[in-house]
Amino acid sequence: MTTRVKIHASQPAAWKAMYGLEQYLATTSVSKTHKEFIKLRASQINHCAFCIDMHSKDALKNGETIQRLLLLDAWRETDLFTEEEKAVLAITEDITPISEKGLTEETYQNALKYFSEDYIAQIIMVAVAINAWNRISVSTHIAVGTKF
């Protein structure tokens, strides 16, 4: 795979703005587990190897188990995830392929059983951010392990 434009170098203001969003997201009440699940699941859907690698390592550092990471793609088929985690993953799966259906009413109403509207808004913003990073990484062929 050939390397492509390095957006961090050619568009530093845009790159800085993306990091600004990440800095904001670090101040939200979304748990580390929820953030990493959002980032990993969206990256799996988007086939972003760079982000899957980064966020699986981050999840492991935060105490996540290998078993749950390996089964993340099949979360509906196991009882290893809490109802709250399942709600987060469902939101992520609705938002990531946005043209298919978007955030459905069913998914949204289910999430309201577990989270406030503010928390749901924060979940959505985490999903928006990782989807943007995935699009940058996949479009520019950022290699696994690249350091910025």
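The coordinates are above.
Residues numbered from 1 in each chain as written. Predicted model: local features only at pLDDT ≥ 70, side-chain atom pairs only at ≥ 80, totals over all residues. Heavy atoms only, no water.

A. How the structure looks around the overall build of the protein. When helices and strands are counted, the protein shows eight helices and zero strands. When its helices and strands are written in sequence order, the protein yields α-α-α-α-α-α-α-α. In terms of its C-alpha atoms, the protein occupies a principal-axis envelope of roughly 45 × 30 × 30 Å. The burial tally for the protein puts 43% of its 148 residues in the buried class. Across the protein, every contact between residues at least 6 apart in sequence was considered, and the portion connecting residues at least 24 apart equals 68%. Summed over its atoms, the accessible surface of the protein is roughly 8300 Å², and 56% of this surface lies on carbon and sulfur atoms. The average position of the 16 basic charges and that of the 18 acidic charges among the side chains of the protein differ by 10 Å. (Helix = DSSP H or I, 4+ residues; strand = E, 2+ residues; numbered from the N terminus. Buried < 20%, exposed > 50% of the residue type's maximum accessible area, 1.4 Å probe, protein only. Contact = heavy atoms within 4.5 Å. Areas by Shrake-Rupley, 256 points an atom, 1.4 Å probe, with all protein chains shown as cover. Lys, Arg positive; Asp, Glu negative; His and termini not counted. Charge placed at Lys NZ, Arg CZ, Asp CG, Glu CD.)

B. Highlighting the nonpolar core. The biggest cluster of nonpolar side chains holds 25 residues, and the ones touching the most others in it are Ile38, Phe115, Ile123 and Trp133. Residue assignment for this core shows that the elements contributing at least two residues are helix 2 (12-25), helix 3 (32-45), helix 4 (49-61), helix 6 (83-95) and helix 8 (117-140). With nine residues, the top contributor of residues to this core is helix 8. In this structure, Phe115 is in contact with His34, Glu84, Ala87, Val88, Ile120 and Ile123, ignoring residues within four places of it in sequence. (Core = buried A, V, L, I, M, F, W, Y, C linked by side-chain atoms within 4.5 Å.)

C. Inspection of the packing of aromatic side chains at higher detail. Across all of its chains, the model carries eight aromatic pairs by this definition. Between Phe115 and Tyr119, the aromatic rings sit 4.8 Å apart at their centres with planes inclined by 20°, giving stacked as the arrangement. Here the two residues Phe115 and Tyr119 agree in accessibility, since each one is buried. Feature note: the residues Trp15, Tyr19, Phe50, Trp133 and Phe148 constitute an aromatic cluster, connected by ring pairs. (Phe/Tyr/Trp six-rings, centres within 6.5 Å; stacked < 30°, edge-to-face > 60°.)

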